[in-house]
Every structure is written in structure tokens, then in C-alpha cells.
Amino acid sequence: MTLVADEKERFLDLQAQFERQQPQGWLKNLRQAAVARFDEMSFPDVHNEDWKFTSLASLLKIPFALSDKVAVSADLRSRLDAETLPSARRLVFVNGVYSAELSRVHQAPSGLTIGGLSGIENDVVRAHLGAIAGDDSQVFTALNTAFLHDAAVVVLPRGLVVAEPIQVFFVAVPGKRATLIPARTLVVAGVNSQAKVLEHYLSVGAAEDVYFTSAVTEFALDDNAIIDHAKIQDEGHEAFHIATTQVQQGRSSTFHSTYMSLGGRLVRNEARVRFTGEGSEATLDGLYLAAGRQHVDNFTVIDHARAHCASHELYKGILRDKAHGVFNGKIFVREDAQKTDAKQTNKVLLLSDEATINTKPQLEIFADDVKCTHGATIGQLDAEGLFYLRSRGIGLEDARHLLIRAFANDIVERMRIEEFRPLVQRRLIAPL
Amino acid sequence: MLTIFNLHARVDDKEILRGVNLKINAGEVHAIMGPNGSGKSTLAGVLAGRDAFDVTEGDVLFDGKNLLEMDPEERAREGVFLAFQYPVEIPGVSNTYFLRAGVNAIRKHRGQEELDAMDFLKLVKQKLKVLHIEEDLLKRPVNEGFSGGEKKRNEIFQMAVLEPKLCILDETDSGLDIDALRTVSDGVNALRSKERGMLVITHYQRLLEYIKPDKVHVLYEGRIVKSGGPELAKELEHKGYGWVEEGLKEPAGA
């Protein structure tokens with residue numbers, strides 16, 4: 001236990017060092033409150049049910065430093081341009097700091113608030129930032145807020161429909177020292193508003209550099225709002241990526257999301273949805289690809305606190321070598337949440353004898369008129385399918401690739417942001 | 001074209017084929033009939049290269065080449081086609097994509113140029129027309145959500161597109177209603193030619209009213225115990241497989 005305290009001390013020291021560079025103001029108060037909560041908690045170990053299959057030992061033994069300001073390289077620019085959709089607006093953060101130079105928020109429709117946090121610290125932002133992602137029990141959310149100084153902000157007023165996708169890039173440019181890179185996003189969608197939001201996490205530079213991305217994304221959907229969301233986690237090989245998305249959904253709102261996890265050494269993707277109004281719908285899809293010794297943990301929580309809400313989860317994993325995958329899907333159906341329709345599925349392809357998956361559905365149902373299903377399938381490539389393809393002349397290797405791609409492609413086909421599919425095909429599916 | 005000599009095969013420790021001998025010349029249609037468990041599907045599987053079967057003895061020559069030494073894809077490229085008894089569902093792969101991959105692998109093997117998307121579409125649309133199959137089949141994922149009849153029709157469609165030298169039909173008639181049976185047999189008959197051999201495996205004589213075989217063989221306990229013309233199928237229909245069993249019990253020379 002003293003060990004854990006030391007690890008916490010290191011982050012507190014780092015935070016104090018960080019705080020000295022920051023100006024006074026409301027953000028400082030937000031951070032100080034988070035520091036206090038962080039100080040009361042401890043990092044979870046594997047005895048914590050929510051972290052049973054993910055050990056943080058490799059993360060916590062590293063003394064992280066604050067990241068330096070870096071110059072914008074040609075590499076960084078070309079990488080961003082390659083992943084920017086033709087009509088998209090983009091917000092770019094380099095090592096957690098907003099870059100107005102790299103961002104493109106041209107011709108924003110009237111009423112749309114979009115940009116880095118400084119300059120748009122209005123009442124809506126103040127009311128929501130940190131309030132959606134409650135950090136009472138989540139040590140990594142508290143940690144993120146303790147280092148909160150910049151954020152991607154998108155605020156859609158009542159009735160605004162933005163057709164073009166909004167891409168948020170968090171680019172890590174790590175150095176020789178292991179650094180902590182905080183990433184924060186806030187999306188507030190007013191009544192009847194609609195938008196497509198994409199989060200990209202990537203690294204430019206030496207692929208072997210160690211760093212720690214701590215990400216928190218908050219979505220507040222008011223009544224009838226529609227948000228289509230996708231996230232690509234494409235960090236460096238030695239990166240730690242611990243992320244939480246918290247979604248709060250008002251009446252008859254729709255949140256449709258796809259979480260794609262490709263890079264990183266130790267990855268935790270939490271997606272939490274809370275229904276605060278009736279008649280809403282949430283879809284959480286996931287595609288996680290891991291090889292080598294990668295560890296990828298997907299943790300979802302859907303809180304059916306109101307009646308007549310539907311949630312759909314389809315996560316698919318492809319694990320090779322000694323990769324370790326985790327899927328933990330919690331669904332709470334509260335006492336009054338009648339007519340809840342919740343469906344959860346995790347399908348995993350294990351492509352080597354040494355790859356492992358831990359999958360754990362966790363349903364807690366307190367209402368009596370509900371439909372809740374969950375299922376998991378874990379297996380290798382279908383031998384019958386392989387033989388069938390080969391019997392039509394398709395070579396063994398081609399047949400294997402074809403089946404693996406088909407398995408993953410399902411998730412791409414379900415993505416609602418259609419203009420994003422070609423990039424996902426190129427970046428994730430084609431190399432399979 | 002195909003010569004099977006003294007073929008023995010087992011699954012796990014169970015010997016299923018116990019010395020099958022069969023010769024099919026180009027242009028001929030052979031039917032193999034037999035009761036459940038006689039080894040019909042094992043024979044089809046061994047010829048197509050299914051690895052669940054262990055060949056312990058015997059040879060199979062296809063156009064003079066040792067078929068048993070080839071991988072399943074090599075056999076397909078050489079011109080062997082198996083219409084599956086239970087066609088496999090492949091979610092996420094469209095019929096078009098699947099079939100084009102097969103056609104081009106075979107064309108490449110033959111030293112022909114690969115077909116581009118346009119030429120391929122032209123080819124398959126023409127085949128669909130001949131077989132009276134709807135075009136939406138092309139976009140659908142391979143066999144996923146297909147009815148039994150649709151799956152079997154899809155097998156015949158694939159066969160028509162791949163234009164194999166040897167067609168093996170493994171109980172393609174099983175479970176089909178009369179309309180589907182007609183479509184399937186029309187498709188097969190359209191493919192009959194002087195260059196092509198066919199091995200039609202069936203449990204029932206019904207199919208052979210639509211596909212007239214040149215020769216009929218009865219497989220029983222892993223051996224071909226009787227061979228004859230189309231009349232043999234009729235006789236079996238009347239007398240049942242019990243008749244074959246009876247015949248085998250009679251002392252030699254009786």
C-alpha cells in the first residue's frame with residue numbers, strides 16, 4: 001500500500017509543478033477540487049472488480065514528466081492532412097495544447113461554438129465541463145481534471161444541425177522522457193441539434209517513446225439531440241492510453257458511437273452512458289485490434305435510469321501473438337426503467353494460442369418489464385469457412401485475410417458517419 | 001479424367017471408405033447412391049480435400065495428376081468443384097467479392113488475365129439469367145440468411161461461374177422442394193458437356209429423374225458394391241437399400 005501512496009505522490013508533485021505555470025481563475029478551482037478528490041482515492045489494483053483483468057503496475061512504476069512545447073513538423077502536418085476528411089472542421093491539440101495554427105474551424109455556421117477552451121469559457125462550458133464526467137470514484141477522471149488547462153469544445157445551440165464532421169485530433173509528440181499528456185473534450189448538444197464528432201489519438205515521432213495519454217470526453221445531449229461519434233486510438237507502441245467517455249442523454253436523444261483501438265501498449269477505453277430522459281437510444285460499438293504484448297481493456301457502463309431507452313453494444317476484437325483483451329460490459333436497469341431494451345455482444349477472434357481475452361457481462365436489473373440480452377463468442381477462424389473459400393480456388397492466406405477482414409468490417413458497416421468509412425477501411429481493415 | 005483406385009479413408013479411428021474404385025471419363029455423369037453412413041459425403045470430402053479425413057490407402061488421379069497431394073485450392077484451380085451438402089455462411093463477404101476472388105485465383109493459375117469488376121459483373125449476370133436467379137444474390141453476404149433452396153442454387157451458380165472440369169454434387173437435392181430441385185437440375189444439365197465429368201451423390205432416386213446419369217453406383221459400407229445404368233436407380237427406388245444388403249449376404253456364387 002505504501003507503494004501505491006508513492007505513486008500517487010509522484011502525480012501530486014507533478015501536478016504542483018504544472019499548477020505553478022498556470023494562471024489563476026475558475027479552471028484553477030476546478031483543478032484544485034479534482035486534486036483533493038484524487039488525493040482521497042487510490043489507484044485500483046486487480047482486487048478492484050472493475051480492474052480485475054488490467055494491472056496498472058507497468059504504468060505506475062514510471063515517473064512521468066510534463067511535456068514540452070514542440071515545433072510543428074512537416075510529418076505532423078502531412079499525417080493530419082492524410083486523416084482529415086474533405087469537408088471536416090478540425091481541432092488539433094499537440095501534447096494536449098490547442099493549436100490554432102493547425103486547426104480549421106472555417107465558416108462555422110452561426111451559433112456553433114468550436115475551438116480550444118481558452119477564449120470560449122462561457123457559461124455553458126463552465127456549467128458542463130467536469131460536471132458530466134463525475135469523478136467521485138474514478139481516479140483517472142480526477143487525475144485528468146487535475147491537469148485540465150485546455151480542451152476541445154463544441155457547443156451546438158438549440159436546433160443547429162452541422163452536416164460536416166468535426167474532427168478532434170490529439171497528437172502526441174513524445175520525447176525521450178516519459179511524459180503525461182492530458183486530453184479533454186467537451187461536446188454540448190442543445191435541444192434538436194445534430195453533429196458528427198470524431199476523436200483521433202495519434203503520435204508523431206519515434207514510435208518507441210513512452211508517454212501516457214489521459215483522456216476524458218464529456219457529451220451532454222439535450223432532448224432530441226443526435227450525436228454520431230467515433231474514436232480512433234492510434235497511439236505509439238509504448239503508449240499508455242487511459243480514456244473515459246461520459247455521455248449524458250436527455251429525452252429522445254440518440255448517441256451512436258464506434259470505438260476503434262489500434263495502438264498503445266496498455267489501453268483502457270471506458271464508455272459510460274447515462275440516460276436522464278425517456279425514449280433515448282445509445283449504440284456503443286467497438287473494434288479492438290491488438291498484437292505483440294498489447295493490452296486493451298474496453299469497459300462500458302450503461303445506466304438505464306429512465307424508462308423506454310434502448311442500448312446496443314457490439315464489440316469485436318482481433319487478438320494476435322500475446323495480446324490480451326478485456327471486455328467488461330455493465331448494464332444497470334433502475335427500478336423505474338421499464339421497457340428498457342439492452343443488447344450487448346462481444347465477439348473475439350483469437351489468432352494465436354497465446355492471445356487471451358477476458359469477457360465479462362454484468363447486468364443489474366431492478367425493473368421487471370425489460371429486454372436485456374448479452375452474449376460473447378470467442379474463437380478462431382471458422383475452419384468450415386476457410387475450407388469453403390479454398391474449395392473455390394482462394395489460397396489459404398487470402399482466405400484467412402478475407403475472413404478476418406469480414407469479421408471486422410461488420411463494425412465499419414454499422415458506422416453512421418459514412419464519410420469516415422474509407423479512412424477506417426484504409427487504416428484499420430486493409431492491413432488485417 | 002478421374003480415376004479412384006482402392007481408396008481407403010478414416011475419420012479419427014473409424015474407417016469409412018474401404019477400397020473405392022471408380023473411373024469417370026470426360027462427358028460422363030456418374031451417380032453414387034447409398035444409405036446413410038455408407039461413406040458418400042466422405043468420398044466427396046476426400047476428393048475436395050477436406051482435412052478431417054485421413055486417406056490411409058489408395059490413389060486418386062485427376063487428369064493424370066495426383067489429386068490427393070494437392071491443397072483444396074489447388075484442386076479447385078485444376079478444375080474440381082464440390083457443391084456442398086451444407087453450404088457455409090460467410091457473414092461480411094458479398095457473393096460477388098467471394099466469387100471474383102475464386103474466379104481470378106483460377107484464371108491466374110491457368111495463365112489467364114484476371115477479370116476486372118466490370119467484366120466479372122458481365123459474366124455473372126449472364127450466368128444468373130441462364131439459371132433464373134435474382135441479381136440481388138450478388139450483393140448478399142455469402143449464404144447468410146439464405147433458405148436451404150437458395151443455398152443450393154447458390155452452389156450451382158458458383159459452379160456455373162467457375163466452369164470446373166469435374167463437378168461433384170454432394171446431396172444437392174436433399175431438402176429441396178420440387179421447384180428448387182428443377183432449378184438445380186436445370187443448372188446442372190446446362191453444364192453437361194463433352195469436356196466435363198460429373199459425380200452426383202444422392203440419397204434419393206428423385207434427382208436422377210431430372211439429371212440422367214450415364215452410370216449408377218451403389219456405395220455400401222465404404223465400397224461400391226453395385227454398378228449399372230440408370231435402371232439401377234429405379235430398381236433401388238422400388239426395392240430399397242435393404243435389397244443391396246440382402247444381396248451381399250448371399251454366399252458367393254449363389
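Just so it is clear, the model here is predicted, and its values are computed rather than measured.

Another aspect to go through is helix α8 (residues 396-414) of chain A. Residue and element names in this part refer to chain A. Taking 1.5 Å of rise per residue, 19 residues should cover 27 Å, and α8 covers 28 Å from first to last C-alpha, within 8% of that figure. Along its length, α8 shows its largest kink, about 30°, at Ala-408. Every buried residue of α8 is listed here: Ala-399, Leu-402, Leu-403, Ile-404, Ala-406, Phe-407, Ala-408, Asn-409, Ile-411 and Val-412.

Further remarks concern the packing of aromatic side chains. In this description, an aromatic ring pair is defined by two values, namely the gap between the centres and the angle between the planes. Residue and element names in this part refer to chain A. With the rule as written, the count across this model stands at 18 aromatic pairs over all chains. Look at Trp-51 and Phe-140: their rings are 5.6 Å apart centre to centre, the planes differ by 40°, and that puts the pair in the tilted class. Within this pair, whereas Trp-51 is found in the loop between α2 (26-40) and α3 (57-60), its partner Phe-140 is found in helix α6 (residues 139-146), the two being separated by 89 residues in sequence. We note that Trp-51, like Phe-140, is buried.

What follows covers the environment of Gly-250 of chain A. The topology assignment puts Gly-250 of chain A in the loop between β11 (239-249) and β12 (254-261). A sequence separation of 145 residues divides Gly-250 of chain A from Gly-395 of chain A, and the C-alpha atoms of the two residues are 51 Å apart.

To continue, consider the pairing of strand β1 (residues 2-11) of chain B. Residues and elements named next belong to chain B. Pairing analysis gives seven bridges linking β1 to strand β4 (residues 54-62), with the strands arranged antiparallel. Paired with Phe-5 across the strands is Asp-59, a residue of β4. As paired strands, β1 and strand β2 (residues 14-24) are joined by eight bridges and run antiparallel to one another. Bridge pairing in β2 links Leu-2 to Ile-24. Between β1 and β2, which pair antiparallel one after the other, the connecting turn spans two residues, and Asp-12 there sits at a positive phi close to 50°.

Another aspect to go through is the domain arrangement of chain A. Residues and elements named next belong to chain A. When its domains are assigned, chain A resolves into domain 1 (5-277) and domain 2 (382-432). Taken together, the contact pairs 22 residues of domain 1 with 12 residues of domain 2. With both sides pooled, the region where domain 1 packs onto domain 2 buries about 1,400 Å², and carbon together with sulfur makes up 71% of that total. Summed over the three residues of domain 1 that lose the most area to domain 2, namely Leu-85, His-256 and Met-260, the buried surface amounts to 28% of that side. For the interface between domain 1 and domain 2, the tally reads four salt bridges. Here domain 1 is connected to domain 2 by four residue pairs in polar contact (both at pLDDT 80 or more). Of all the secondary-structure elements, those providing two or more residues to the side of domain 1 that touches domain 2 are α4 (74-83), β8 (194-203), β10 (226-234) and β12. With six residues, the single largest contributor to the side of domain 1 that touches domain 2 is β10. Looking at the side of domain 1 that touches domain 2 residue by residue, the class counts come to 11 nonpolar, six polar and five charged.

Moving on, we get to the interface of chain B and chain A. Across the contact, 30 residues belong to chain B and 17 residues belong to chain A. Of the roughly 1,800 Å² buried where chain B meets chain A, counting both sides, 65% is carbon and sulfur surface. Among the residues of chain B in contact with chain A, Glu-73, Val-88 and Phe-98 of chain B are the three that bury the most area, contributing 27% of the side total. The tally of links from chain B across to chain A stands at four salt bridges. Residues Asp-71 of chain B and Arg-390 of chain A are paired through a salt bridge, measuring 4.0 Å at the closest nitrogen-oxygen approach. Taken together, chain B and chain A are joined by 10 residue pairs in polar contact (both at pLDDT 80 or more).

The next point concerns the pattern of salt bridges. The full count for this structure, using the stated rule, is 43 salt bridges over all chains. Across the pair Arg-184 of chain A and Glu-218 of chain A runs a salt bridge whose closest N-O atoms are separated by 2.9 Å. Highlighted residues: Arg-184 of chain A in strand β7 (residues 179-189) and Glu-218 of chain A in strand β9 (residues 211-221), separated in sequence by 34 residues. Each member of the pair, Arg-184 of chain A as well as Glu-218 of chain A, carries the same accessibility label: buried. A salt bridge links Lys-65 of chain B to Glu-78 of chain B; its shortest N-O distance comes to 2.9 Å. Remark: Glu-78 of chain B occurs in helix α2 (residues 72-78) and Lys-65 of chain B occurs in strand β5 (residues 65-66); sequence separation between them is 13 residues. Residues joined in a network through salt bridges with shared partners are Arg-79, Glu-83, Asp-234 and Arg-427 of chain A.

A separate point is helix α4 (residues 117-131) of chain B. Residue and element names in this part refer to chain B. For α4, which comprises 15 residues, the first-to-last C-alpha distance of 21 Å matches the rise-based estimate of 21 Å (1.5 Å per residue) to within 8%. Buried residues along α4 sit in contact with α3 (95-109), α5 (148-162) and α6 (178-191). The backbone nitrogen of Met-118 lies 3.1 Å from a side-chain oxygen of the residue at the head of α4, namely Asp-116. Following α4 by one or two positions, His-132 has its phi on the positive side, about 55°.

All names here are of chain B. Viewed as axis vectors pointing N to C, α5 and α6 meet at an angle of 10°, and their least axial separation amounts to 10 Å. Here α5 is positioned roughly parallel relative to α6, judged by the angle of their axes. Between α5 and α6, the contacting residues are Gly-149, Lys-152, Arg-153, Ile-156, Met-159 and Ala-160 on the first element and Ala-180, Thr-183, Val-184, Gly-187, Val-188 and Leu-191 on the second. Taken together, the residues that form the contact of α5 with α6 break down as seven nonpolar, three polar and two charged.

Looking at the largest pocket, its volume works out to about 530 Å³. Lining the largest pocket are 21 residues; nearest its centre among them are Lys-69, Val-94, Asn-95, Val-97 and His-149 of chain A. For the lining of the largest pocket, the secondary-structure elements that each account for two or more residues are β3 (97-98) and β7 of chain A. The residue makeup of the lining of the largest pocket, split by class, is 10 nonpolar, seven polar and four charged. In this model, the second largest pocket occupies a volume close to 440 Å³. For the second largest pocket, the lining is made up of 19 residues, of which Leu-349, Asp-382, Leu-403 and Phe-407 of chain A together with Pro-91 of chain B are closest to its centre. At the level of secondary structure, the elements contributing two or more residues to the lining of the second largest pocket comprise β16 (310-319), β18 (341-350), β20 (371-379) and α8 of chain A together with β7 (90-94) of chain B. Tallying contributions element by element places α8 of chain A first for the lining of the second largest pocket, with four residues. In terms of residue class, the lining of the second largest pocket is built from 10 nonpolar, four polar and five charged.

How each quantity is defined
- The numbers attached to residues start from 1 for each chain and follow its sequence in the written order.
- Ligands are numbered from 1 and chains lettered from A, in the order in which they are written.
- With the structure being a predicted model, the display of local features is reserved for residues of pLDDT at least 70 and the display and counting of side-chain atom pairs for 80 or more, all residues being used for whole-chain, interface and lining totals.
- Values reported for side chains reflect all heavy atoms of the structure, with hydrogen atoms and water molecules removed beforehand.
- Secondary structure follows DSSP: runs of H or I at least 4 residues long count as helices, runs of E at least 2 residues long count as strands, and numbering of each begins at the N terminus.
- Take the number of residues in a helix, subtract one, and multiply by 1.5 Å to get its expected span.
- Each residue is assigned a bend, namely the angle between axes fitted to the seven residues that terminate at it and the seven residues that start at it.
- When a residue's accessible area, from a 1.4 Å probe over protein chains only, is under 20% of the maximum for its type it is buried; when over 50% it is exposed; and in between it is partly exposed.
- Centre distance within 6.5 Å is the pairing criterion for rings of Phe, Tyr and Trp, where only the six-membered ring of Trp is used; planes under 30 degrees apart are then read as stacked, over 60 as edge-to-face, and the remainder as tilted.
- The criterion for strand pairing is that DSSP finds at least two bridges linking the strands in question.
- Per the annotation, domain bounds derive from an automatic or database assignment of domains.
- Any pair of residues with heavy atoms lying within 4.5 Å of one another is described as a contacting pair.
- Each of two parts loses accessible area, computed with a 1.4 Å probe, when they are put together; buried area is these two losses added.
- Salt bridge, as used here: a side-chain nitrogen of Lys or Arg that lies within 4 Å of a carboxyl oxygen of Asp or Glu.
- Think of a polar contact as two N or O atoms within 3.5 Å of one another; within protein, one of them needs to be a possible hydrogen donor and the other a possible acceptor, and neighboring residues in sequence only count if both atoms come from side chains.
- Under the grouping applied here, Gly and all other residues not named as nonpolar or charged are polar, the nonpolar ones being Ala, Val, Leu, Ile, Met, Phe, Trp, Tyr, Cys and Pro and the charged ones Asp, Glu, Lys and Arg.
- Axes, fitted as lines to C-alpha atoms, cover a helix only where it is in contact. Angles between the N-to-C directions of the axes lie from 0 to 180 degrees.
- Working definition: roughly parallel below 35 degrees, roughly antiparallel above 145 degrees, roughly perpendicular at 65 to 115 degrees, and oblique for all remaining angles.
- The rule is simple: put a 1 Å grid over the protein atoms alone, call a set of points where a 1.4 Å probe fits but cannot get out a cavity, call an open set with protein on both sides within 12 Å along at least five of seven lines a pocket, and count a residue as lining if it has an atom within 4 Å of a point.
- Grid points are joined across faces, edges and corners, and a volume is the space filled by probe spheres set on the points.

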